[in-house]
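Spelled out from the first residue to the last, the chains are:
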Amino acid sequence: MHTIDLAHHLGRVRETRPLVHNITNHVAMNTMANVLLAHGASPAMAHAREEVGEFAALAGAVTLNIGTLSPDWVNAMEDAARAATDAGTPWVLDPVAVGATALRREAGARLLALSPTAVRGNASEIMALAEQGRGGQGVDSTDTTEAAERAAVVLARRTGAVVAVTGETDLVTDGKRLARVAGGHALMPLVTTLGCALTGVVGAHLAIGEEPFDACVAALASYAVAGSIAGEHASGPGSFAVAFLDALHALDANTLTARAQLEITHAT
Amino acid sequence: MHTIDLAHHLGRVRETRPLVHNITNHVAMNTMANVLLAHGASPAMAHAREEVGEFAALAGAVTLNIGTLSPDWVNAMEDAARAATDAGTPWVLDPVAVGATALRREAGARLLALSPTAVRGNASEIMALAEQGRGGQGVDSTDTTEAAERAAVVLARRTGAVVAVTGETDLVTDGKRLARVAGGHALMPLVTTLGCALTGVVGAHLAIGEEPFDACVAALASYAVAGSIAGEHASGPGSFAVAFLDALHALDANTLTARAQLEITHAT
Amino acid sequence: MHTIDLAHHLGRVRETRPLVHNITNHVAMNTMANVLLAHGASPAMAHAREEVGEFAALAGAVTLNIGTLSPDWVNAMEDAARAATDAGTPWVLDPVAVGATALRREAGARLLALSPTAVRGNASEIMALAEQGRGGQGVDSTDTTEAAERAAVVLARRTGAVVAVTGETDLVTDGKRLARVAGGHALMPLVTTLGCALTGVVGAHLAIGEEPFDACVAALASYAVAGSIAGEHASGPGSFAVAFLDALHALDANTLTARAQLEITHAT
């Protein structure tokens, strides 16, 4: 059915080098900035309520991640989400461990109510957001990606967001279509915040003005191919993290097109 | 006298993959999460007072590190320590640079009064906590590990905590026994926050329900062996950090048992 | 005209291992600590208003970076700047993205008014501080280093600070002299916070008591040579970051002297 010109999406990110403004968790900030630079985008991190509106207006996309949230930071995230929406700027919600505590459930609900362009999480997080699961422990997923498929479709239909569930095989849905993106590598979950950093890459792809479903799929496909390549050069999680940045930076249109494992069907 | 089945301890961490909740400093968060993942545990970082009690109750162990403290964060650390104690969950204090400022001395005293299961620091920090030293400059130790032996025993006897002093040779004491753990590598102190991350590994070992003295020794022995192995593959602090994560992840029972340099005596 | 004994400066940092106290952004903290350790200095990160004065007084130099600023942190930075000045301790301002928002413009102006010993930024940042530019997007420079030369000289003359503009070729000026430092590598801007970390290295060189202009030039020359060497061993931004720490740590007097590309003229 639907086809996506992955090489075009990647090329547009590299050509336009979009500014992605991220309010993300303390663990992820450095990794996310390096991943965005390696992918060809320009990262900005800023969280003060006094300036997040200005940054969101400057940026091509905004990403909001509740990993190390506090009430002040959630307020700033709401301001950034509103400023992005007012400016017509796409924004992405990353609901880290949203099911784990009352503070996270409330933050997730408040941010979801502001209509993100996309939501990216693991299976437990997406299920918790869709009120179909009780969330995982910490930030690691305890549900399989497949089991979250239903939750993702429900969440996409209810909110209008494109929903991406990442795991061994990634899912992307806008409620009508469902993409499965395979690839990656078994060491990826052993490198902290690679998922959070992927949210930044989703932001970079949304920033180039293509359709959000296609943009999310292209972001995840690029990430999965870079992960597969990195895995060929790694002997553990330390060397994987290094090889992954190198592979993301070196990723070219031909390699992406040749190695992407992508299947798009109707969502049911 | 006392013997510890190091392989059993390591195997239990890998099998049970304990959730370790850390309120740690901004410098250490990413390294600590990667170290915990490489070692086979599951990290969570969260510092908001509104949720630390819930996280402590979910976790197998809690670790508290005052490296980049602020009054709000110390309040959250107290809440987490109390919640851990109430839940019967072991917790570890990492008193970074505790002797350097009044704020740190007060925070160290407040947290110590809540009866940590274990304390891990460098020689200066343990001496400062035991009121025998004036603390080092910044976060690096200016006293030798041996000179801190007396302080560690005093501190363990006074507080009931297992006290670990890490340095060229590590010490662990519960006030009755004293373990010396050798190994590691000269590049380890040149990689920031490897000590802070070790506190997380101590947490992971405490989480599996073994005796705290044995758990601390097993954590330090695993770390020292991984450090020795990493040193064989490193040409500087950058490549050491990468090799260390690979070595920790690859560490198996036989290698640990064969290479651990461990001596246990009576504390005097 | 003026010559600088780079090997002497590097040797003094390694011999004295100065404590550098940094209030820096969340993205940079880990990288900066590793860079300072690799270079032979001792890093401390602390931001609580209750203790920054004590840390500034303990330190050989202080560095202040507004990358992820908040009003509280800017207040702490002012306290640290005042404590450093009172103690006769040199301090460095790193005005990240100072032109991007009202909060940053105000923070930059407040800190600049406290008379930093040195200012290090990219071209856009230095031009924004000198009120000659409108600042770049995010943290990446959109002006060429050459175009910022005039701004740097104006800023140095107005404030009395040594001003360093880093980019493809770095500039250092005290308003009378102008140094150009070439070298480095094209991958350096693709590793996040290497510029922020350089501010720490400038602090380490200021701490040894040499003339500030010479100290800044020596810091930048060391960094550029290490960057060039790292580039010979890197296949992308991930491996570059690793090789850079190794190269900085391995940098010796002979290599520094032989490979430094340095030109000093009168500022016009």
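Cut-offs applied
- Residues numbered from 1 in each chain as written.
- Chains lettered and ligands numbered in written order.
- Predicted model: local features only at pLDDT ≥ 70, side-chain atom pairs only at ≥ 80, totals over all residues.
- Heavy atoms only, no water.
- Least-squares fit on C-alpha atoms with pLDDT ≥ 70 in both.
- Pairing = 2+ DSSP bridges.
- Helix = DSSP H or I, 4+ residues; strand = E, 2+ residues; numbered from the N terminus.
- Axes fitted to C-alpha atoms, helices over the stretch in contact; angles between N-to-C directions.
- Contact = heavy atoms within 4.5 Å.
- Buried area = accessible area lost by both parts, 1.4 Å probe.
- Salt bridge = Lys/Arg side-chain N within 4 Å of Asp/Glu carboxyl O.
- Polar contact = N/O pair within 3.5 Å; in protein donor to acceptor, adjacent residues only side chain to side chain.
- UniProt positions renumbered as here; feature names shortened; annotations may be inferred.
- 1 Å grid on protein atoms, 1.4 Å probe; cavity = no way out; pocket = protein on both sides within 12 Å on 5 of 7 lines; lining within 4 Å.
- Points joined across faces, edges and corners; volume = space filled by probe spheres on them.
- Nonpolar A, V, L, I, M, F, W, Y, C, P; charged D, E, K, R; others polar.

Enquirer: For the relation of the copies chain C and chain B, give the residues involved together with the corresponding values.
Expert: Superposing chain C onto chain B takes a rotation of 120° plus a shift of 0.0 Å along the axis, which leaves an RMSD of 0.0 Å. Classification of the inter-copy transformation places it as that of a three-fold axis. Rotation axis and chain C: the residue whose C-alpha lies nearest the axis is His-26 of chain C, separated from it by 3.9 Å.

Enquirer: Summarise the sheet that holds strand E3 (residues 61-65) of chain B; cite the residues concerned and give the values.
Expert: Residues and elements named next belong to chain B. Within the open sheet, the 9 strands sit side by side as E2-E1-E3-E4-E5-E6-E7-E8-E9. Their pairing is mixed. Each edge of the open sheet is held by one strand with a lone partner, namely strand E2 (42-45) and strand E9 (261-266). Pairwise comparison of adjacent strand axes, ignoring direction, gives a mean angle of 20° for this sheet. Packing of helix H5 (residues 102-112) onto the sheet brings it into contact with E3, strand E4 (91-94) and strand E5 (118-121), and relative to E4 it is tilted by some 160°.

Enquirer: I'd like to hear about the interface of chain B and chain A, residue by residue, with values.
Expert: Between chain B and chain A, the contact holds 26 residues from the first and 30 residues from the second. Both faces considered, chain B and chain A share a buried interface measuring about 2,200 Å² in area, 60% of it formed by carbon and sulfur atoms. It is Asn-30, Leu-37 and Asp-246 of chain B that lose the most area in chain B upon contact with chain A, and together they represent 21% of the buried surface on that side. At the junction of chain B with chain A, the criterion picks out 1 salt bridge. Linking Arg-104 of chain A and Glu-51 of chain B is a salt bridge whose minimum nitrogen-to-oxygen distance equals 2.7 Å. Where chain B meets chain A, there are 9 residue pairs in polar contact (both at pLDDT 80 or more).

Enquirer: Tell me about the UniProt feature "binding site: substrate" (unreviewed entry) in chain A, residues and numbers included.
Expert: Mapped onto the present numbering, the UniProt feature "binding site: substrate" (unreviewed entry) falls at Met-45 of chain A. Its location among the elements puts Met-45 of chain A in strand E2 (residues 42-45). Leave out the neighbours within four places in its chain, and Met-45 of chain A touches Asn-22, Thr-24, Met-29, Met-32 and Ala-33 of chain A together with Val-27, Gly-67, Thr-68 and Arg-104 of chain C.

Enquirer: Describe empty space enclosed by the protein, with residues and values.
Expert: Gaps between atoms show up when a probe of the same size as a water molecule is rolled over them. On inspection of all chains with the given rule, the structure shows 1 cavity of 30 Å³ or more. Computed from the structure, the largest cavity encloses a volume of approximately 860 Å³. Contributions of two or more residues to the lining of the largest cavity are made by helix H2 (29-39) and helix H10 (237-250) of chain A, helix H2 (29-39) and helix H10 (237-250) of chain B together with helix H2 (29-39) and helix H10 (237-250) of chain C. Per element, the largest residue contribution to the lining of the largest cavity is 6 residues, and it comes from H10 of chain B. Per-class residue counts for the lining of the largest cavity are 28 nonpolar, 17 polar and no charged.

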